[in-house]
Amino acid sequence: MESFARELRQAGIRFLQYRDKEATDEIVLERAALLRSIFPDSCLILNDRVSLVAAARYDGIHLGQEDLPPAQTRSTLGPDVLIGVSTHGEGQLRSATDGPADYVAIGPVFATSSKQDPDPVVGLEGVRAARAMTAKPLVAIGGITRSNCAAVIQAGADSVAVISDLIPRSGGSTGKLVEEFFAVLSAQTR
């Protein structure tokens, strides 16, 4: 984990979500501290574990639909902590838009292997529909790759969350993968 994180930092990643569904709170805090030391000035988001955000010295929390509700999270963590919420359809998106979330994630846009039991794919039409329903920053999640991220941004996402396509295949470089993502995404903002 440490060498991968250092490669991401060196490649220019400055916004990172730490997601670990299996580890104990103690191990999550140890790993969160390591990530904070590698990314001292970056925006770090912890996945799911509201009770650990302050101890981890993270900037925000990302909530799933089964986690603590955003309003309760806001009252627990205060006004300065970023709150993001994963949504998978119109009802969830409206709820997140009307609530205290700072950003909304929509997906999975494409099939994904990073979740054991993923929600149904929403596709690019789901991203377009989400963009029409919210003015909040929109993050596309699920199956995002270098080959499809431009289409996702064109469909209305403000940013993309990536896991699998940043893990190099044998002989590859994380830095090179990040560079390729940045090249594709920067072409979309010109």
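See above for the structure.
Reading the values: the criteria
Residues numbered from 1 in each chain as written. Predicted model: local features only at pLDDT ≥ 70, side-chain atom pairs only at ≥ 80, totals over all residues. Heavy atoms only, no water. Helix = DSSP H or I, 4+ residues; strand = E, 2+ residues; numbered from the N terminus. Rg over C-alpha atoms; globule rule 2.2 N^0.38 Å. Buried < 20%, exposed > 50% of the residue type's maximum accessible area, 1.4 Å probe, protein only. Contact = heavy atoms within 4.5 Å. Areas by Shrake-Rupley, 256 points an atom, 1.4 Å probe, with all protein chains shown as cover. Lys, Arg positive; Asp, Glu negative; His and termini not counted. Charge placed at Lys NZ, Arg CZ, Asp CG, Glu CD. Pairing = 2+ DSSP bridges. Salt bridge = Lys/Arg side-chain N within 4 Å of Asp/Glu carboxyl O. Polar contact = N/O pair within 3.5 Å; in protein donor to acceptor, adjacent residues only side chain to side chain. Axes fitted to C-alpha atoms, helices over the stretch in contact; angles between N-to-C directions. Parallel < 35°, antiparallel > 145°, perpendicular 65-115°, else oblique. Left-handed = near helix turned anticlockwise from the far one by under 90°. Nonpolar A, V, L, I, M, F, W, Y, C, P; charged D, E, K, R; others polar. Arc of directions from axis to C-beta.

## Section: the overall build of the protein chain
In step 1: Secondary structure summary: the protein chain contains eight helices and seven strands in total.
In step 2: By the compact-globule yardstick of 16 Å for 190 residues, the protein chain fits well, its C-alpha radius of gyration being 16 Å.
In step 3: The 190 residues of the protein chain split such that 42% are buried.
In step 4: A separation of at least 24 residues holds for 48% of the contacts in the protein chain among residues at least 6 apart in sequence.
In step 5: Summed over all atoms, the accessible surface of the protein chain reaches about 9,900 Å², with 52% contributed by carbon and sulfur.
In step 6: Seen as two clouds, the 19 positive and the 23 negative side-chain charges of the protein chain have centres 5 Å apart.

## Points about the sheet that holds strand β5 (residues 103-106)
In step 1: Pairing is parallel across the open sheet formed by seven strands, whose spatial order is β1-β2-β3-β4-β5-β6-β7. Looking at which strands have only one partner, the edges of the open sheet turn out to be β1 (15-18) and β7 (159-160).
In step 2: With two bridges connecting them, strand β6 (residues 138-140) and β7 associate as parallel partners. For Val139, the partnering residue across the bridge sits in β7 and is Ser159.

## Let's talk about the pattern of salt bridges
Pairing between side chains of opposite charge can happen when their charged atoms approach one another.
In step 1: Scanning the entire structure with this criterion turns up twelve salt bridges.
In step 2: Arg94 serves as the salt-bridge partner of Glu90, at 3.2 Å between the closest nitrogen and oxygen. Remark: Arg94 and Glu90 occur in helix α5 (residues 90-98); sequence separation between them is four residues, near one turn of the helix.
In step 3: Classification of Glu90 as partly exposed rests on a relative accessible area of 49%.
In step 4: On the basis of relative accessible area, Arg94 is assigned to the partly exposed category, the value being 40%.
In step 5: A single salt-bridge network, built from bridges that share partners, covers Arg146, Asp165, Lys176 and Glu180.

## Some thoughts on the side chain of Arg74
In step 1: On the secondary structure map, Arg74 appears in helix α4 (residues 70-77).
In step 2: Within the structure, the side chain of Arg74 is placed 3.1 Å from the backbone oxygen of Pro100, a separation counted as a polar contact.
In step 3: Not counting residues up to four positions away in its chain, the partners in contact with Arg74 are Pro79, Asp80, Val81, Ile83, Pro100 and Asp102.

## A look at the packing of helix α1 (residues 2-11) against helix α2 (residues 25-38)
In step 1: Direction vectors running N to C along α1 and α2 enclose 30°, while the axes themselves pass 10 Å from each other. Classed by the angle they form, the pair α1 and α2 counts as roughly parallel. Pair α1 / α2 crosses with right-handed handedness. Residues Glu2, Ala5, Arg6 and Arg9 of α1 form the contact with α2, whose own contacting residues are Leu34, Leu35 and Ile38.
In step 2: The class makeup of the residues in the contact of α1 with α2 is four nonpolar, no polar and three charged.

## Notes on α5
In step 1: The complete set of buried residues in α5 reads Leu93, Ala96 and Thr97. In an axial view of α5, the angular spread of the buried residues amounts to 100°, which keeps them on one side of the axis. Exposed and oriented more than 90 degrees from the buried face of α5 are Gly91, Ser95 and Asp98.
In step 2: Those residues of α5 that are buried lie in contact with β4 (82-87), β5 and α6 (123-133).

## Examining the side chain of Arg49
In step 1: Here Arg49 lies in the loop between β2 (43-47) and α3 (53-56).
In step 2: At 2.9 Å, the side chain of Arg49 and the backbone oxygen of Asp20 are in polar contact.
In step 3: Arg49 has contacts with Asp20, Lys21, Glu22, Ala23, Thr24, Asp25, Val28 and Ile61, leaving out every residue within four places of it along the chain.

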